[in-house]
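Here is what each chain is made of, one letter per residue.
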Amino acid sequence: MMDHSNKDILSISERRELISLLNHTREFISERFSIEEREKFEKIMLAAMRRAPAAHDAKHLSPAILSLRTAILFAEAIEPDHNILLAIGLYPLLANALVDKDEILKDWGEDVASLLEGLMAVDRFSNKNSATNQDNFRGLMLSLADDIRVIIIMIVRNLVLMRAINHHPDEEWVRNVAFEASCLYAQLAHRLGLYKIKGELEDLALKYTNREIYTQIAHKLNETKRSRDAYIKSFIDPVKEKLLAAGLKFDIKGRTKSISSIWNKMKKQKVDLQGIYDLFAIRVIIDTPREKEKSDCWLAYSIVADMYTANPARMKDWISIPKSNGYESLHATVMGPGSKWVEVQFRTRRMDLVAEKGLAAHWRYKGVKSDSTDQWMTNIRDILETAETGPMQLMKDMRMDVYGKEVFAFTPKGDLFRLAAGATVLDFAFLIHSNVGSHCTGAVVNGQHRKITYRISNGDTVEILTSSNQSPKSDWLNIVVSSKARNKIKQSLNEELQRKADLGKELLERRAKNRKIDIDEAVLMKLIKSAGYKYANEFFADMNDEKIDPGKFLASYVDEVTVKTEGPKISAEEYQMHRPDETQGKSDVLVIGDKSIRGLNYRFAKCCAPIYGDKVFGFISSDGTVKIHRCDCPNSANIRERYPYRIIRADWSGKEGDSLPVSLRIVGNDDIGILANITSIISKEVGANLRNVSVDSNDGMFQGVIVVAVSDQRQLTTLLKKLRTVKGVKDIQRI
């Protein structure tokens with residue numbers, strides 16, 4: 001009899017929740033699904049759940065429960081959209097291969113299949129330390145940027161996950177999820193106007209990363225709730241009377257700000273909880289026709305401002321010009337009873353719906369791409385595709401773009417542009433077009449000539465001036481504030497640096513060729529570093545700019561090679577194995593033509609470092625020495641074309657000789673212990689010897705050259721396979 005005691009099944013409480021969620025889901029599904037669709041959907045779900053190999057995932061969470069929670073939250077907090085609900089429900093089945101992609105396309109249509117494909121693309125990067133890994137973060141964001149509906153689903157999914165992991169035993173994983181929620185999904189929620197979700201994500205992130213602070217603030221708020229409610233009532237009651245007397249229809253309520261928002265204010269203002277004057281806000285929501293929205297909001301504001309003194313410095317008008325995420329509201333801060341500052345928000349019922357549910361409340365999920373959100377996603381793609389900084393800088397840039405205040409400026413034709421507060425003429429130029437930014441020399445602002453450093457003010461009319469002779473300068477990075485402009489400048493500077501580096505490298509190679517000097521890459525890199533250069537392209541760019549004399553450098557290169565060759569110690573880069581003497585009675589490992597190579601002077605070429613098993617050929621140099629090259633040597637084509645008469649056949653005799661050095665270029669994550677893991681594998685490989693390690697670390701990544709002595713090609717292949725399995729190694733190749 002089969003023992004089912006160890007089978008992964010739902011607990012009794014999970015089963016009860018699943019049944020409750022299914023019943024809840026049916027309520028809004030029945031309104032948007034036909035009877036046939038509903039029956040087909042439930043049939044697929046139940047069949048897949050029966051076939052599922054396990055009821056829980058690797059973190060012991062139930063995918064079925066999380067999926068239903070996501071669907072319900074999406075329907076309640078956003079909009080119960082037919083195709084999106086289908087995608088949310090079908091996704092865990094597709095991800096676990098419990099349903100077929102072609103079957104989904106056939107049964108549910110191309111749009112649902114496209115949404116599922118977007119979710120699959122996102123999950124390839126999400127929850128894999130995407131917030132701290134450059135490649136994963138960029139891949140995740142580009143996947144998100146492809147369809148805004150995928151963003152909304154992922155935001156809701158992330159909130160469901162965050163709610164589910166309180167006191168989860170895997171604390172490190174919880175911190176990673178919280179970090180991604182705070183740095184990525186909360187920002188996206190803010191940008192889409194999903195303020196309630198954004199606030200809860202940030203609160204939960206604070207709770208999981210600093211539970212002590214979260215608990216202290218929560219307890220303090222609970223202790224002061226009664227007095228706070230009494231104060232709100234004392235403020236609201238007289239305001240109600242005045243607004244009713246003016247003939248307005250409205251709701252008025254007070255709300256306490258989120259715990260994370262309070263904590264940020266405490267840190268920023270360097271005060272305790274009692275020192276924050278705007279712990280809560282009063283919201284006036286007016287029922288009025290669309291054509292009277294602005295006038296009624298301003299009427300309500302004027303009534304409150306007559307009752308309580310307003311602080312003009314904290315006046316925010318997002319009714320005249322709404323935020324780029326569609327948010328419309330009029331914010332005022334007034335001196336309430338007891339000389340306490342109170343924030344009052346005035347908005348209409350329609351504005352409140354957008355503020356609560358974001359752009360999704362009225363956004364066309366499909367159709368013409370004209371919404372400002374689409375432009376924002378285009379900007380995000382520009383940032384990601386050109387960024388060369390690490391993920392933390394990317395997130396900093398995004399946070400600035402998302403949370404920063406906005407200023408508005410016009411072109412001479414009257415087109416309105418939004419910029420981050422503090423934006424300069426140069427930011428404005430790059431916002432118009434990258435080429436305009438790259439050639440910007442200044443601007444005419446409100447009829448007056450201004451430099452590229454001029455900071456845009458609200459309402460400015462800006463005409464950008466350009467010159468074909470202008471190009472980005474490094475000091476421009478200190479002028480711009482937008483991440484798009486910064487990354488476009490960096491991209492242009494890097495392209496120019498690379499162009500100069502290519503010319504400088506070509507100059508050095510040409511001089512070396514004229515002097516018949518074979519350049520060894522490892523020795524070259526060592527000399528470049530000893531000259532104080534962190535990156536080779538900067539060295540070659542300086543050579544192109546005549547800051548470095550190629551002749552003098554080659555002289556120092558020859559001296560370095562000579563010292564290394566003649567000295568008692570031999571470096572790994574110059575490492576050469578000694579051939580066995582005739583008196584030792586060993587068979588040579590190479591045969592030239594029909595005769596053994598015995599008695600001839602030969603050496604292995606440094607440019608390709610052949611080892612036993614490589615396809616090789618001989619090249620008779622001017623001093624009579626035979627240099628052995630690999631057939632795929634980078635120099636082989638040139639040698640065969642220019643000196644065909646000096647080429648001689650060379651084959652391995654079938655007898656293995658001594659170990660020979662091989663240079664391996666390696667790239668990977670700069671994780672703790674990764675280098676130790678690599679060297680450990682090499683040391684355990686019988687017959688392989690580590691000769692040298694030279695690595696550079698930058699922005700969370702490392703790259704370098706490892707020189708290993710191996711006996712033959714087979715051993716090298718085996719070693720490469722093992723090294724590629726080391727966690728964090730991105731690429732390793734023979735050079």
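Structure: above.
In this report, we go over the structure that sits alongside the text. A quick note: this is a predicted structure, and the numbers were derived from the prediction, not measured. (Residues numbered from 1 in each chain as written. Predicted model: local features only at pLDDT ≥ 70, side-chain atom pairs only at ≥ 80, totals over all residues. Heavy atoms only, no water.)

## A few points about the overall build of the protein chain
We apply this condition: Helical segments are the DSSP runs of H or I of at least four residues, strand segments are the runs of E of at least two, and each set is numbered from the N terminus. Remark: exposure states derive from per-residue accessible area (1.4 Å probe, protein chains only) relative to the maximum for the residue type, with buried under 20%, exposed over 50%, and partly exposed in between. Contact definition: two residues touch when any of their heavy atoms are within 4.5 Å. Note on areas: Shrake-Rupley with a 1.4 Å probe; residue coverage comes only from the protein chains shown.
When you go through the protein chain residue by residue, the secondary structure sums to 26 helices and 20 strands. Residues classed as buried in the protein chain amount to 47% of the 735 residues present. For the protein chain, contacts bridging at least 24 residues in sequence account for 67% of all contacts bridging at least 6. Working note: accessible area of the protein chain is about 37,900 Å², and carbon and sulfur atoms make up 50% of it.

## Brief notes about the packing of aromatic side chains
The way to describe two aromatic rings as a pair is by their centre distance and the angle between their planes. To keep things clear, this is the line we draw: Only Phe, Tyr and Trp rings take part, Trp by its six-membered ring, and two of them pair if their centres are within 6.5 Å. Stacked means planes under 30 degrees apart, edge-to-face means over 60, and tilted covers everything else. A ring is considered to have a charge above it if a Lys NZ or an Arg CZ atom is located within 6 Å of its centre and within 35 degrees of its normal.
Taken as a whole and assessed by the stated rule, the structure comprises 12 aromatic pairs. Judged by centre distance (5.7 Å) and plane angle (90 degrees), the rings of Trp 298 and Tyr 301 are edge-to-face. One end of the pair, Trp 298, and the other, Tyr 301, are both in helix 14 (residues 293–307), 3 residues apart, so they sit about a helical turn from each other. Residue classification places Tyr 301 among the buried positions, given a relative accessible area of 17%. Seen in terms of ring centroids, Phe 430 and Trp 476 are 6.5 Å apart; in terms of plane orientation they differ by 80 degrees. Their pairing is edge-to-face. Placement of the pair is Phe 430 in helix 18 (residues 425–432) and Trp 476 in the loop between strand 10 (460–466) and helix 20 (483–514), with a sequence separation of 46 residues. By relative accessible area, which is 1% here, Phe 430 ends up buried. What makes Trp 476 buried here is its relative accessible area of 3%. Here the aromatic residues Tyr 533, Phe 539, Phe 540 and Phe 553 are joined through ring pairs into a cluster of three or more. Seen from the ring of Trp 108, Lys 40 lies directly overhead, with NZ or CZ sitting 4.3 Å from the centre.

## Remarks on a nonpolar patch on the surface
The cut-off we apply is this: Note that patches include only residues with greater than 30% relative accessible area and no salt bridge, and the join distances are 9 Å for like charges and 5 Å for nonpolar side chains (Val, Leu, Ile, Met, Phe, Trp, Tyr). Think of a salt bridge as a Lys or Arg side-chain nitrogen and an Asp or Glu carboxyl oxygen that are within 4 Å of each other.
Taken together, the side chains of Leu 675, Leu 690, Val 693 and Val 695 present a nonpolar region at the surface, about 250 Å² in accessible area. The element best represented in the nonpolar patch is strand 18 (residues 689–698), accounting for 3 residues. Of note, Leu 690 is situated in strand 18. Accessibility expressed as a relative area gives 35% for Leu 690, which makes it partly exposed.

## Some remarks on the pairing of strand 6 (residues 406–410)
Which entries qualify depends on this criterion: When DSSP finds two or more bridges between a pair of strands, those strands are recorded as paired.
Examined bridge by bridge, strand 6 and strand 7 (residues 416–420) share 5 bridges and lie antiparallel to one another. By the bridge assignment for strand 7, Glu 406 is matched with Ala 420. Two successive antiparallel strands, strand 6 and strand 7, enclose a turn made up of 5 residues, where Gly 414 displays a positive phi of approximately 95 degrees. Relative to strand 10, strand 6 runs parallel, the two sharing 2 bridges. When the sheet's bridge partners are listed, Ala 409 is paired in strand 10 with Asp 460.

## Remarks on the pattern of salt bridges
Opposite charge on two side chains allows them to pair when their charged atoms are near. Tallied over the full model, the rule gives 22 salt bridges. The shortest N-O distance in the salt bridge between Lys 500 and Asp 545 comes to 3.5 Å. On the criterion of sequence distance, the pair formed by Lys 500 in helix 20 and Asp 545 in the loop between helix 22 (536–544) and helix 23 (550–566) is long-range, its members being 45 residues apart. Relative accessible area serves as the criterion here: at 33%, Asp 545 is assigned to the partly exposed category.

## What about the nonpolar core?
Filter applied, for reference: For our purposes a nonpolar core is just a set of buried Ala, Val, Leu, Ile, Met, Phe, Trp, Tyr and Cys residues, chained together by side-chain atoms within 4.5 Å.
Ranked by internal contacts, the top residues of the largest apolar core, which has 70 residues, are Leu 90, Ile 155, Met 162, Ile 165, Ile 197 and Leu 201. At 12 residues, helix 8 (residues 148–164) tops the list of elements feeding residues into this core. Aside from chain neighbours lying at most four places away, what touches Met 162 is Val 177, Ala 178, Ala 181, Leu 201, Leu 204, Ala 205 and Tyr 208. Ranked by size, the runner-up nonpolar core spans 38 residues in total, among them Val 239, Phe 280, Ala 300 and Val 334.

## A look at empty space enclosed by the protein
The rolling of a water-molecule-sized probe over the atoms marks out the regions of remaining empty space. Defined as follows: Whether a set of points on the 1 Å grid over the protein atoms alone is a cavity depends on a 1.4 Å probe fitting there but being unable to get out, while an open set qualifies as a pocket with protein on both sides within 12 Å along at least five of seven lines; lining residues are those with an atom within 4 Å of a point. Grid points are joined across faces, edges and corners, and a volume is the space filled by probe spheres set on the points.
Applying the stated criterion across every chain yields a total of 4 cavities of 30 Å³ or more. Space inside the largest cavity adds up to approximately 60 Å³. Lining of the largest cavity is provided by Thr 25, Ile 29, Phe 41, Met 45, Ser 67, Leu 68, Ala 71, Leu 85, Leu 86 and Gly 89. Broken down by secondary-structure element, the contributors of at least two residues to the lining of the largest cavity are helix 1 (12–32), helix 2 (35–51), helix 3 (63–77) and helix 4 (82–95).

## Thoughts on the sheet that holds strand 4 (residues 330–336)
Using the following cut-off: Each axis is a line fitted through C-alpha atoms, and for a helix only the stretch in contact is used; angles between axes span 0 to 180 degrees, taken between their N-to-C directions.
In space, the 5 strands of this open sheet follow the order 1-2-5-4-3, with mixed pairing throughout. Each of the sheet's edge strands pairs with one partner strand only, and the pair in question is strand 1 (249–256) and strand 3 (316–317). Of the strand pairs in this sheet, strand 3 and strand 4 are connected by 2 bridges, and their pairing is antiparallel. By the bridge assignment, Asp 317 is partnered in strand 4 with Leu 330. Contacts between helix 15 (residues 349–357) and the sheet are confined to strand 1, strand 2 (280–287) and strand 5 (340–348), with strand 5 contributing the most and set at about 105 degrees to the helix.

## Considering the sheet that holds strand 18
Spatially, 18-19-17-20 is the arrangement adopted by the 4 strands of the open sheet, whose pairing is antiparallel. Edge positions in the sheet fall to strand 18 and strand 20 (729–734), since each of these pairs with one other strand and no more. Taken pair by pair, the neighbouring strands of this sheet meet at an average axis angle of 15 degrees, ignoring direction. Note: strand 17 (residues 660–669) against strand 20, 5 bridges, orientation antiparallel. Counterpart to Gly 668 in the pairing with strand 20 is Val 729.

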